[in-house]
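This is what each chain is made of:
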Amino acid sequence: MSSWAKAAKSGQRIHRERHQPDARKYLGLLEKRKDYKLRKRVYDVKQNKLKKLYKKALNKNPNEFCFHMINSEIEDGVHYEKEKPVEHSEAQLKLMQTQDANYVNYKLSTELKKIEKLKSAVSIMDIEDKPKNTHTFYVDKKSQAKKFDVSKQLNTHPALLDRAFNRPTLDALKTMKLQNNTDKDILAKTSKQITQQYNELSKRIERVQELSVLSRKLEVKKKLSSKTDAAPKLIKGATKTNAPIYVWKKERKR
């Protein structure tokens, strides 16, 4: 287009679309050209998709096999893809099992350390894995042994005999008085903290038991994965609290 044509076109009248009359406002907005073009474009796209699908359905072979037939399912009217099993080599499987066992053993050692710290914090004296302290009294006759009263001998209250530490005497109990309510609050707060620590300790002990069982199960699984000529014999199956028990045939190693 030459410059003269551009100059002539610039001075021509621009035809605009009329506005919507006030009398037709109750019918809704008047469709403009841009609205019609957008609606026509969407309509054409849908029609082209329908034509392609119709053509594809006509040219489809009903006896043709497609892997998507076995890789997908329809359940309760919902179509979804099946999860494909992940393939691993034997070396990769052994490495994964070893990493799992190492992680379980690491968590087990961590929990054991935390249990030891909690035991020292709450000052547990009578622990099963530690020797129990005994206090032996000697008497001259058997009749004295039958009538022997430990609370009188130790000069303390019978309710405090189980406490091997911080066992006050009767005289100390008579003179012991709480000064004000602040001491009572401190004692109540301390007893509450000790109770919480005992609860945490019991939960961690249960977790250690579960981790130890899981560690034994992983160890048995690792032994079963190793190739041997003779298959092991199952003696007792696995439970929630015990690992399975297998017996392998004795082999002479050179």
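Note that the coordinates shown come from a computational prediction; the quantities given were computed from them, not determined experimentally.

**Q** I tried to follow helix α2 (residues 33-59) on my own but got confused; where do I start?
**A** Think of an α-helix as 3.6 residues a turn; residues three or four steps apart then line up on the same face. For α2, which comprises 27 residues, the first-to-last C-alpha distance of 39 Å matches the rise-based estimate of 39 Å (1.5 Å per residue) to within 8%. Within α2, only zero of the 27 residues are buried, leaving the element largely exposed.

**Q** Is there a simple way to explain the nonpolar core in this structure?
**A** Side chains that are nonpolar tend, in soluble globular proteins, to be buried together. Core analysis: the largest hydrophobic core is formed by seven residues, namely Val104, Leu108, Ile115, Leu118, Leu201, Val208 and Leu211. At four residues, helix α3 (residues 90-122) tops the list of elements feeding residues into this core. What Val208 contacts, discounting residues up to four positions off in sequence, is Leu108, Glu111, Leu112 and Ile115.

**Q** Please clarify how the side chain of Ser215 should be interpreted in this entry.
**A** Note that Ser215 resides in helix α7 (residues 181-225). What makes Ser215 buried here is its relative accessible area of 18%. Setting aside residues up to four positions removed in sequence, Ser215 forms contacts with Val104 and Asn105.

**Q** What exactly am I supposed to notice about the side chain of Ser72 here?
**A** Take Ser72: it is sitting in strand β1 (residues 72-75). Within polar-contact distance, the side chain of Ser72 engages the backbone oxygen of His68 at 2.6 Å. A polar atom in the side chain of Ser72 sits 3.5 Å from the side chain of His79. When sequence neighbours within four positions are dropped, the list of residues in contact with Ser72 reads His79, Tyr80, Glu81 and Lys82.

**Q** Explain the environment of Pro232 here, please?
**A** Mapped onto the elements of the fold, Pro232 is located in the loop between α7 and β3 (233-236). On the basis of relative accessible area, Pro232 is assigned to the partly exposed category, the value being 24%. Taking the C-alpha atoms as reference points, Pro232 and Tyr246, 14 residues apart in sequence, are found 6.0 Å from one another. For Pro232, the contacting residues outside a window of four places in its chain are Leu224, Tyr246, Val247 and Trp248.

**Q** Can you help me understand the environment of Lys233 in this one?
**A** Along the chain, Lys233 falls in strand β3. Sequence spacing of Lys233 and Lys249 is 16 residues, and the spatial spacing of their C-alpha atoms is 8.3 Å. Every residue in contact with Lys233, bar those within four places of it in the chain, is listed here: Ile245, Tyr246 and Val247.

**Q** So what exactly am I meant to see when it comes to the packing of aromatic side chains here?
**A** Here a ring pair, both rings aromatic, is described through the centre-centre distance and the interplanar angle of the planes. If you walk through the whole model with that rule in mind, you get three aromatic pairs. Ring centres of Phe65 and Phe67 lie 5.1 Å apart, and the angle between their planes is 75°; this geometry places the pair in the edge-to-face category. As far as burial versus exposure is concerned, Phe65 and Phe67 are alike and both exposed. Taken together, a centroid distance of 6.1 Å and an interplanar angle of 50° make the contact between Tyr246 and Trp248 tilted. Assessed through its relative accessible area of 25%, Tyr246 is described here as partly exposed.

Each value, and the rule that gives it
Residues numbered from 1 in each chain as written. Predicted model: local features only at pLDDT ≥ 70, side-chain atom pairs only at ≥ 80, totals over all residues. Heavy atoms only, no water. Helix = DSSP H or I, 4+ residues; strand = E, 2+ residues; numbered from the N terminus. Expected span 1.5 Å × (residues − 1). Buried < 20%, exposed > 50% of the residue type's maximum accessible area, 1.4 Å probe, protein only. Core = buried A, V, L, I, M, F, W, Y, C linked by side-chain atoms within 4.5 Å. Contact = heavy atoms within 4.5 Å. Polar contact = N/O pair within 3.5 Å; in protein donor to acceptor, adjacent residues only side chain to side chain. Phe/Tyr/Trp six-rings, centres within 6.5 Å; stacked < 30°, edge-to-face > 60°.

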